[in-house]
Amino acid sequence: SSGGYQPRSATVSYGDLDVTSAQGSAALVNRIDAASRAVCGERTGPMMAGDRARDFAACRSAAIADALRNVGLTAPTAYAAR
C-alpha cells in the first residue's frame, strides 16, 4: 500500500450512444454527471459550505471536463444538447 492519495475514478459506458447527436450527447452528459457524483460524493445538506463545497465543486468540474475531453466533446457543446 502506498499510503498516499489515490484518485477515484468511474467508467462511463457510452458505446450504445450516438454522441454526435443531441440526444446521445445529452444522455452521455447525464451519465458523466451521475458518475462525477459517485466519484466526488453527493452534496451533504442543503447548505454545504466552506472547503467541502469548494472541494466538491472542483472535483465535479474536473471530473466532467476530463470525461468530456476523453470522448472528444466540449462542455458547451455537450451541455447545449441537454
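None of these values were measured; they are calculated from a predicted model.

1. Side note on the layout of surface pockets
Looking at the largest pocket, its volume works out to about 250 Å³. In terms of lining, the largest pocket is formed by 16 residues, of which the most central are Ala 10, Val 12, Ile 32, Ala 63 and Ala 67. Where the lining of the largest pocket is concerned, the elements lending two or more residues are α1 (22-40) and α2 (50-70). Classifying every residue of the lining of the largest pocket gives ten nonpolar, four polar and two charged.

2. What about the pattern of salt bridges?
Summed over the entire model, instances satisfying the criterion amount to four salt bridges. We note a salt bridge from Asp 33 to Arg 60, for which the minimum N-O separation is 2.1 Å. Here Asp 33 is found in helix α1, whereas its partner Arg 60 is found in helix α2, with 27 residues between them in sequence. Under the relative-accessibility criterion, Arg 60 is labelled buried at 17%. Each of Asp 33, Arg 37 and Arg 60 takes part in salt bridges that share partners, so that together they form one network.

What counts, and where the lines are drawn
Residues numbered from 1 in each chain as written. Predicted model: local features only at pLDDT ≥ 70, side-chain atom pairs only at ≥ 80, totals over all residues. Heavy atoms only, no water. 1 Å grid on protein atoms, 1.4 Å probe; cavity = no way out; pocket = protein on both sides within 12 Å on 5 of 7 lines; lining within 4 Å. Points joined across faces, edges and corners; volume = space filled by probe spheres on them. Helix = DSSP H or I, 4+ residues; strand = E, 2+ residues; numbered from the N terminus. Nonpolar A, V, L, I, M, F, W, Y, C, P; charged D, E, K, R; others polar. Salt bridge = Lys/Arg side-chain N within 4 Å of Asp/Glu carboxyl O. Buried < 20%, exposed > 50% of the residue type's maximum accessible area, 1.4 Å probe, protein only.

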